[in-house]
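Residues per chain, in single letters:
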Amino acid sequence: MIFDTHAHYDDEAFDEDREELLASLREHGIEAVVNVGASIAGTKRTLELTRRWPFFYGAVGVHPNETAELDEEKLEWLKQVSAEPKVVAIGEIGLDYYWDDPERDVQKKWFDRQLELAREVGLPVVIHSRDAAKDTLDMMKAAKAGEIGGVIHCFSYGVEMAREYLNMGFFIGIGGVLTFKNARKLKEVAAYAPIERIVLETDCPYLAPVPYRGKRNSSLNLPYVVEELAQIKGLTPEEIVEITNRNARRLYRLGDQ
Ligand code: NI
């Protein structure tokens, strides 16, 4: 069954039908979901989801564009909740120069501190990096992130960058963008990266695959990504589902189902 390694079901886009939708996932072949915190409030909601749904896990952390809210006390709180049994990662953390807010020094400071936190508590990291390829890589190398481990979520760079992160031992997160007509670069990365190092993700409610591009995304759309990846890799959809599920369990250090 499919493992969705990156979702935001706490988003208000799901307020109307969250219970119904989440209750239907398992019967549609979704085995597990990691809900990823993007802010302190989002991390709180993520923890609630992991308590409510047996097949949900959580990542706790603050997205680069939300780091203005961070202080020592909130970082300490993140450390406390990272000890909860269903918390499997620190994330999403990183750098986002597309939105470029707050200023880069603030983003960098808290990226570094959250990398440090992951090392301290012994959890992998979920990295968000947009239009910030060089700084992200430099900071991760300086922090010896290879020893921490994790995933570059919604991978948006080229093969050269993919090589760097693969060498560091990281997984590459791939979602709906793979099905877009203009996704040549990501298709190259998907062809280049060993299948053992690719994990599936939705980033829902964002980034729905074709034929639902622009609509609200959910884990139910992952078969479209599986189909595309199967073609690129010359494998069957069943093989893609099985291998990426195993990868996700390795990434988040969960036992086999
Ligand atoms: Ni995300």
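Structural notes, computed from the coordinates. Every chain is numbered on its own, with residues counted from 1 as its sequence reads. The predicted origin of the model limits local features to residues at a pLDDT of at least 70 and limits the giving and counting of side-chain atom pairs to 80 or more, whereas totals for whole chains, interfaces and linings rest on all residues. Heavy atoms from the whole structure form the basis of all side-chain values; hydrogens and water molecules are not counted.

Some points on helix H3 (residues 72-81)
Because each turn of an α-helix spans 3.6 residues, side chains separated by three or four positions in sequence point in the same direction.
Stage number 1. Using a 1.4 Å probe on the protein chains alone, a residue whose accessible area is under 20% of its type maximum counts as buried, one over 50% counts as exposed, and one in between counts as partly exposed. Helix and strand definitions here come from DSSP, where helices need a minimum of 4 consecutive H or I residues and strands a minimum of 2 consecutive E residues; each element is numbered from the N-terminal end. Within H3, burial applies to Leu75, Leu78 and Val81. On an axial view of H3, the arc spanned by its buried residues comes to 125°, and they lie on one face. In H3, those exposed residues whose orientation departs by more than 90 degrees from the buried face are Glu73 and Gln80.
Stage number 2. Residues adjacent in sequence count toward polar contacts only when both atoms are side-chain atoms; beyond that, a polar contact is any pair of N or O atoms within 3.5 Å, and within protein one must be able to donate a hydrogen and the other to accept it. Where H3 begins, the side chain of Asp71 points an oxygen toward the backbone nitrogen of Glu73, at a separation of 3.2 Å. The arc refers to the directions leading from the helix axis to the C-beta atoms.

Quick look at the coordination of the nickel ion
Stage number 1. Protein coordination of the nickel ion is provided by His6 (NE2), His8 (NE2), Glu92 (OE) and Asp203 (OD), with donor distances spanning 2.1 to 2.3 Å.
Stage number 2. For the nickel ion, the four donor atoms are set out with angles of 86 to 172° between them, so the coordination reads as irregular.
Stage number 3. The rule for donors is simple: an N, O or S atom within 2.8 Å of the metal counts, and for Na, K and Ca the reach is 3.2 Å. Water is not among the atoms, so a site may look short of donors. Taken in chain order, the donor set of the nickel ion reads H-x1-H-x83-E-x110-D. Note that His8 is positioned in the loop between strand S1 (2-7) and helix H1 (18-25) and Asp203 in the loop between strand S8 (198-200) and helix H8 (222-233), a separation of 195 residues in sequence. Like His8, the residue Asp203 is buried in the burial classification. Square planar and octahedral sites, with four and six donors, are those where opposite donors lie more than 155 degrees apart and all other angles lie between 65 and 115, tetrahedral sites have four donors with every angle between 85 and 135 degrees, and the rest are irregular.

Concerning unusual backbone geometry
Stage number 1. In this structure, Glu92 follows Gly91 across a cis peptide bond, with omega equal to 5°.
Stage number 2. Position of Glu92 relative to the elements: it lies in strand S4 (residues 87-96).
Stage number 3. In the segment running from Val210 into Pro211, the intervening peptide bond is cis, with an omega of 15°.
Stage number 4. With respect to the secondary-structure elements, Pro211 resides in the loop between S8 and H8.
Stage number 5. Here Lys144, not a glycine, exhibits a phi torsion of approximately 50°, which is positive.

Focus on the state of the cysteines
Stage number 1. The disulfide criterion is simple: two cysteine sulfur atoms within 2.5 Å. Scanning the model with the defined rule gives zero disulfides in all.
Stage number 2. The cysteine Cys204 is free of any disulfide, with Cys154 supplying the nearest cysteine sulfur at 12 Å.

Thoughts on the pattern of salt bridges
Stage number 1. A carboxyl oxygen of Asp or Glu within 4 Å of a side-chain nitrogen of Lys or Arg is what we treat as a salt bridge. Tallying each qualifying case throughout the model produces 19 salt bridges.
Stage number 2. Salt-bridge contacts for Arg18 lead to Asp15; the nearest nitrogen and oxygen are separated by 2.7 Å.
Stage number 3. By relative accessible area, which is 51% here, Asp15 ends up exposed.
Stage number 4. Between Glu228 and Lys187 there is a salt bridge; the shortest N-O distance is 3.1 Å. Taken together, the positions of Glu228 in helix H8 and Lys187 in helix H7 (residues 184-192) put the pair 41 residues apart, joining distant regions of the chain.
Stage number 5. The class of Lys187 is partly exposed, set by a relative accessible area of 25%.
Stage number 6. Residues joined by salt bridges that share partners form a network here, namely Glu72, Arg113 and Glu116.

Functional significance is not addressed by these values, which are geometric in nature.
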